[in-house]
Amino acid sequence: MMGSAAPPGSGSLATVLASLLAAVGVVLWLLLGAVPLGSTGLGYGLDRVSGFFLLWWLVEQAGRAARGAWRGIPGGMMVFAAMDGMGLLAGLALVALWEEGQRRRAGLAVILTLVALALLGGGSFEAMRDVGGDAALAPVAVAVAVLLGGPLGLYVMTRVLLDLAGALPQSAGETALLLGGLAAGFGGWWAWRGQRLAGVADGLRWMLAGFAAMGAGVAIAGQAIDFVGPAALGTGAVWLAAAVAAVCVPVLELVGSGASAGGLRRARIGGLGGLMACAGLALVPPGPGFAVLWQVLRALQSLPVPPLVGAVAASGACAAAGFAAAAMLRLLRVGFGAAEGTEASALVRATMAGLGGLALGVGVVPGAVIALAGGESEIFYAPAALAAGVAGLGVLTHVLARRLGSGGYRVIVLPPPPPPALPGLATGRALRLGVHWRARARRWAAGLDPLAVPAVAGGVLAGLAGMLLLRAFG
């Protein structure tokens, strides 16, 4: 069966429950020490790395199954259980066949994975670890992560760069860091410019893959110069990015599944689940997305890298944060108001609520996610206070969105922002908008103000300047 979009209510409860029960089993296995399963002779098995990403992939599949559109589960299981290059490629090929509307992108990812495995010598994972890799692997692995997205793409990148490639030179880490910063910034911009929820979700996947690539680059560069702290922060960013991609992005897809039906009137629990997911994707504290951003910025601060590479990476991270926050604000302002139309199924509402609650948990205790992967985290929050704060923020935003929204889920196709005028010609208009502050505030909330782009650029420059000052005087 091909994965395709389906109207609300056509999801499979059995598939959702099976995915979640399998995820619970993987969690128990990780908590019990993640004893490796399988053997090289069989060609299939699980270790802690593949088990961790399998956990979040199963959570992602539960969100997809609720709307009747999921990736090829047999192919995905083959990818995570493979212990040699042939099994990994076969699983990715099966997944690519199930990608409705994105087969070219998935097929290109399979070809690039074949190139990466060829650079490593092919064969079993143990044989490839003995061969090691070189700096040419970094752009290939980052491209695979961006093309596939989600836990699956991040797993392939992590397996290639941080496991099979061995001790890569520092230049490979700097390349991954540079490309990751560009991908994160572009993904945030794409989500901000997205006219449909599918485009917004694609941009956010690019952004999270970019953050994960930055984390992998920091880990490689830190290991090359024996800096344990930056390496731990970098790998933590990879783990958290996989979790955010699994629990937050599928909620937007569930929201979008009701758009074609002329609207989607949510129950309060479903609406709050969507708000929690949006808060996580906005990269604002204390959401799980902010934990990813914090890990990356902390790693950049503590890792000595060339000034140009550090500047591009920091600029990409700051730009992604600004654009993601603006995209989620526009979505909440326009897409989450009161709506009349088709009632969402109980399965969709329950899945939105469950994923939103899981996103809240990841944001409150991100160290638990990193611990599941066998890493250590320096993030310490006050769980009770943050949980109460996020829940209160979600309720308040829900009430405000219902009062200020216009059409709810029916307002999915958004008008493109007008092109910014020349600075000299926009001065008078800016002064007039400054006087009419209420009209300007409404345009800012909709993301249509001509000063929005300069303001985001100024925020990026301010964040970059702060990073440089911290590195110089911290």
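Because the structure is predicted, anything quoted here is derived from the model rather than measured. Within each chain, residue numbers correspond to sequence positions counted from 1 in written order. Two thresholds apply to this predicted model, a pLDDT of at least 70 for residue-level local features and 80 or more for giving and counting side-chain atom pairs, whereas whole-chain, interface and lining totals are computed over all residues. For side-chain calculations, the full set of non-hydrogen atoms in the structure is used, while hydrogens and water are omitted.

**Student:** Describe the packing of helix H11 (residues 228–247) against helix H16 (residues 346–364), and please don't skip the residues or the numbers.
**Tutor:** Fitted lines through C-alpha atoms serve as axes, helices being fitted only where they are in contact, and the angles separating the N-to-C directions of these axes extend from 0 to 180 degrees. Strands here mean DSSP runs of E at least two residues long; helices mean DSSP runs of H or I at least four residues long; both are numbered from the N terminus. Between H11 and H16, the least distance of the axes is 9 Å, while the angle of their chain directions is 160°. Between H11 and H16, the interaxial angle falls into the category roughly antiparallel. The way H11 lies across H16 gives a crossing that is left-handed. Here Leu240, Ala243 and Val247 of H11 come into contact with H16, specifically with Leu355, Leu358, Ala359 and Val362. Here the contact of H11 with H16 is composed, by residue class, of seven nonpolar, no polar and no charged. To sort the angles, those under 35 degrees are grouped as roughly parallel, those over 145 as roughly antiparallel, those from 65 to 115 as roughly perpendicular, and the leftovers as oblique. By definition, turning the near helix anticlockwise from the far helix through less than a right angle yields a left-handed crossing, and turning it clockwise yields a right-handed one. Contact criterion: two residues are considered in contact whenever any of their non-hydrogen atoms come within 4.5 Å of each other. By the convention adopted, Pro, Cys, Tyr, Trp, Phe, Met, Ile, Leu, Val and Ala count as nonpolar, Lys, Arg, Asp and Glu as charged, and the other residues, Gly among them, as polar.

**Student:** Talk me through the side chain of Thr235; I want residue IDs and the actual numbers.
**Tutor:** Within the secondary structure layout, Thr235 lies in helix H11. Remark: exposure states derive from per-residue accessible area (1.4 Å probe, protein chains only) relative to the maximum for the residue type, with buried under 20%, exposed over 50%, and partly exposed in between. For Thr235, a relative accessible area of 16% puts it in the buried group.

**Student:** With reference to specific residues and values, describe the nonpolar core.
**Tutor:** As used here, the term nonpolar core means buried Ala, Val, Leu, Ile, Met, Phe, Trp, Tyr and Cys residues forming a set that is joined through side-chain atoms within 4.5 Å. Core analysis: the largest hydrophobic core is formed by 133 residues, its most contacted members being Phe53, Trp56, Phe211, Met214, Leu281 and Met328. The leading source of residues in this core is helix H10 (residues 197–224), at 15 residues.

**Student:** If you had to explain empty space enclosed by the protein to someone new, which residues and values would you point to?
**Tutor:** Points on a 1 Å grid over protein atoms alone make up a cavity when a 1.4 Å probe fits among them but cannot get out, and a pocket when they form an open set with protein on both sides within 12 Å along at least five of seven lines; lining residues each have an atom within 4 Å of a point. Grid points are joined across faces, edges and corners, and a volume is the space filled by probe spheres set on the points. In the structure shown here, the tally under the stated rule is four cavities of 30 Å³ or more. There is about 50 Å³ of room inside the second largest cavity. If you trace the second largest cavity, you find ten residues lining it, with Gln102, Arg105, Leu147, Leu148 and Arg205 closest to the centre. Mapped by element, the contributors of at least two residues to the lining of the second largest cavity are helix H7 (137–148) and H10. A per-class count over the lining of the second largest cavity returns four nonpolar, two polar and four charged.

**Student:** Could you give me a rundown of the pattern of salt bridges, with the residues and numbers involved?
**Tutor:** Side chains that differ in sign of charge can pair as their charged atoms come close. A pair is scored as a salt bridge if a Lys or Arg side-chain nitrogen falls within 4 Å of a carboxyl oxygen belonging to Asp or Glu. The tally for this structure, following the rule as stated, stands at five salt bridges. In this structure, Asp202 and Arg205 form a salt bridge, with 3.1 Å as the shortest nitrogen-oxygen distance. In this pair, Asp202 and Arg205 both sit in helix H10, three residues apart, roughly one turn of the helix. Take Asp202: its relative accessible area is 17%, and that puts it in the buried class. Since its relative accessible area comes to 11%, Arg205 is described here as buried. Each of Asp47, Arg129, Arg159 and Asp163 takes part in one network of salt bridges that share partners.

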